[in-house]
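Architecture and fold: a report
The chain contents come next:
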Amino acid sequence: MSSVSPVHSLYRPRSTPIAMVSTRNHSFLAKLRAYFYRGGERKEWKSTLFSVRRLVEAAWIVVLWWGERRVFRSAIEACQWDQWEDWPEGAMPHRVVLIADPQLVDPHTYPRRGPLLSATIFYTDQYMSRSYETIQERLSPSTTVFLGDLFDGGREWTHEQSSLYAQNHHLHEDLIPITEDPRGARDWKDYDDSYWMGEYRRFLKIFPSWPYRRTVKTLPGNHDLGMGNGIREGVKDRFRTYFGETSGVLEAGNHTIILIDSVSLSNDNNPKIYLPARDFLDSLPDLLTTPPSSALFPHIIEEAANPLPSPPEQSPVPQNPTILLTHVPLYRPADTPCGPHRESKDPILIHAGYQYQNVLQPTLSSELLQKTNAKYVFSGDDHDYCEVEHAGNIKEVTVKSFSWAMGVRRPGFYMASLYTGNASPDAESVQGRLCLLPDQWGVFSAYTFMLLVTILAAVFDFWRRRRAALNYRGNVLPISKGLGGSSIASVYGQPNGKNSSWRHDEDGDFKYSKRKQYSTGWKAWVVYTVREVLSVAAVVFVWYAWLIWRW
């Protein structure tokens, strides 16, 4: 019997006696060298740590962990209070987080429907829920305030359709009919109060209140109620029932925080809409006047025959610094720059349309500043960041949207640190910082890049294996199973099968025709690549599902 070469013996048909197979013992280094320089000696490398598929799977695991975990923690950790606060040593400031325009995606947001809308809702909700939870866990703010636009279609989901106003307009001469949204999809107006209730529960699930911390969600936006004369009574009553009064006062860190329902205050034709906000605004000058402390009145016991002396006149007590919160920004000239942190190069527009208004009217803006005596103003609505200074050294910050689906690449929120100490009333008592959230589109781009890498890796692995097969003596094509349960032989055709180009050489080994190989190479390439990608996807999807489920 002729001698059998060690290389050929590895690929002898199963009918070959075991005794004829070489028992050559390959060291690890020899295998590694053979794999990278000669395509391997036809060993089952798919089960080893160094196979192409295993390397790609490992890369996917790292990238998914980064995109689903690390980016959120890194973004919030970069905004820790002690990294930017500059108060005297021993100060205990009151820390506030301001969140603007989460604007939950719903059928009113996009005309898209079906799986595409469902995917958008899922990923935006997941993004905001993770961001909010990380903020509460890592930053531990004492107070969290939402600046309006909690929903996107909240003003629409009601049985009280605008057509009722149009039909009964002759009975309500002071009402202006509410027009239909010119950009709305055909079916969004078919939703009613029951849909709104589902959105309300969805909002509470994404943004739950945390124990021992104050969370304020009462300030409405134009997407919650509407704007000005477009607000319906039923919509506002529903919002007040579930969230509370839309205007109010908070005390935090020796500061007075005023929440003003500016969308209702912009109404001028329905007293049931604007009167509560108007009465609140008019009462602010008296409300903000701090009464003298009872400690200034001495406790004197006198006999009934002797009348009590009149209390001495007291000097007015200094008022706490006032912070104004409004959903719609205050008026400013059209070309007012917004500072370096704004994504858009354009300032906030002076514009109005269906149920929105970019800034408040000049007269209303001046009245708000005069009656609140505010030193700081925080607003939302625009979705992008804007920082301006009004006359009288009054600083206004328009906070970024909290959602990545609202036209900004990097969503964010604002952190405000409140501290007065023993400083003079004119001293700076509020320090703030914009905190940016992860770039969700960048994460999606990284996943897309990894998919491309996976495809290219499968193509490269196929090319490497095919080249290794052609380099063997006599054009021997090894019968070695490839990754994903396939084999080079099975891809090109089975031995002794129909239309097969395989044949036995003089030693009993199989040989393959180059002509057949090149005529069907592209098909084999496609089949092998698809199988490899699907094999990697099976591992990736399990890991991704675990990351989502175990947040």
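Source: prediction; values computed, not measured.

A word on the overall build of the chain. For the chain, the count of helices and strands is 14 helices and 15 strands. Relative to its 551 residues, the chain shows a buried fraction of 48%. In the chain, of all internal contacts separated by at least 6 residues, the share reaching a separation of at least 24 is 73%. About 28,200 Å² of surface is accessible on the chain, with carbon and sulfur atoms providing 57% of the total.

Moving on, we get to unusual backbone geometry. For D101, which is not glycine, the phi torsion reads 50° and is therefore positive. With respect to the helices, strands and loops of the structure, D101 is situated in the loop between β1 (94–99) and α4 (115–138). Look at N254: it is not a glycine, yet its phi comes out positive at around 60°. In this fold, N254 is placed in the loop between β4 (248–252) and β5 (255–260). Residue N254 is classed as partly exposed on the basis of its relative accessible area of 49%.

Position of S417 among the secondary structure elements: in strand β12 (residues 412–418). For S417, the contacting residues outside a window of four places in its chain are W81, W84, E85, W87, P93, H94, S429, V430 and Q431.

Moving on, we get to the packing of aromatic side chains. This model, assessed by the stated rule, comprises 32 aromatic pairs. Within the aromatic cluster, the residues linked to one another by ring pairs are Y132, F146, F151, W196, Y200, F203, F207, F239, Y242, F243, F402 and F413. Over the aromatic face of Y110 sits the side chain of R112, whose NZ or CZ is 4.0 Å from the ring centroid.

Moving on, we come to the UniProt feature "transmembrane region" (unreviewed entry) in the chain. With numbering matched to this structure, UniProt assigns "transmembrane region" (unreviewed entry) to residues 441–463 and 525–549. What you have in residues 441–463 is 100% helix and 0% strand, and the ends, taken at the C-alpha atoms, are 33 Å apart. In residues 525–549, helix accounts for 100% and strand for 0%; the two terminal C-alpha atoms are 36 Å from one another.

Moving on to the sheet that holds strand β11 (residues 394–398). Taken together, the six strands give an open sheet; going across it, the order is β4-β5-β6-β9-β11-β10, and neighbouring strands pair in mixed fashion. The open sheet terminates on both sides in strands that have one partner only, identified here as β4 and β10 (386–390). Direction aside, the axes of adjacent strands within the sheet are offset by 20° on average. Pairing geometry for β10 and β11, over five bridges, is antiparallel. Bridge assignment links V388 to a residue of β11, and that residue is E396. The strands touched by helix α9 (residues 271–287) within the sheet are β4 and β5, with β5 carrying the most contacts at an inclination of about 160°.

We now examine the pattern of salt bridges. Considering all chains together, one arrives at 21 salt bridges under this definition. In this structure, R53 engages E532 in a salt bridge whose closest nitrogen and oxygen atoms are separated by 4.0 Å. With R53 in helix α3 (residues 52–77) and E532 in helix α14 (residues 521–549), the pair connects residues that are 479 residues apart, well separated along the chain. With a shortest N-O distance of 2.5 Å, R130 and E68 are connected by a salt bridge. In this pair, R130 sits in helix α4 while E68 sits in helix α3, placing the two residues 62 residues apart along the sequence. The exposure class assigned to R130 is buried, which follows from its relative accessible area of 3%. Put simply, R278, D282, E367 and K371 are held in one network by salt bridges that share partners.

What follows deals with the nonpolar core. One finds F207, L368, F402 and F413 to be the most contacted residues of the largest nonpolar core, which totals 72 residues. Looking at which element gives the most residues to this core, the answer is α3, with eight residues. Counting the residues that make up this core, at least three belong to each of domain 1 (48–78 + 441–470 + 528–550) and domain 2 (91–172 + 186–289 + 317–438). Setting aside residues no more than four positions away along its own chain, L368 makes contact with I260, L265, L281, L324, L330, L360 and N373. A100, V216, I257 and F378 belong to the second-largest nonpolar core, a separate cluster that totals 23 residues.

What counts and what doesn't
- Residues numbered from 1 in each chain as written.
- Predicted model: local features only at pLDDT ≥ 70, side-chain atom pairs only at ≥ 80, totals over all residues.
- Heavy atoms only, no water.
- Helix = DSSP H or I, 4+ residues; strand = E, 2+ residues; numbered from the N terminus.
- Buried < 20%, exposed > 50% of the residue type's maximum accessible area, 1.4 Å probe, protein only.
- Contact = heavy atoms within 4.5 Å.
- Areas by Shrake-Rupley, 256 points an atom, 1.4 Å probe, with all protein chains shown as cover.
- Phe/Tyr/Trp six-rings, centres within 6.5 Å; stacked < 30°, edge-to-face > 60°.
- Lys NZ or Arg CZ within 6 Å of the ring centre and 35° of its normal.
- UniProt positions renumbered as here; feature names shortened; annotations may be inferred.
- Pairing = 2+ DSSP bridges.
- Axes fitted to C-alpha atoms, helices over the stretch in contact; angles between N-to-C directions.
- Salt bridge = Lys/Arg side-chain N within 4 Å of Asp/Glu carboxyl O.
- Core = buried A, V, L, I, M, F, W, Y, C linked by side-chain atoms within 4.5 Å.
- Domains from an automatic or database assignment.

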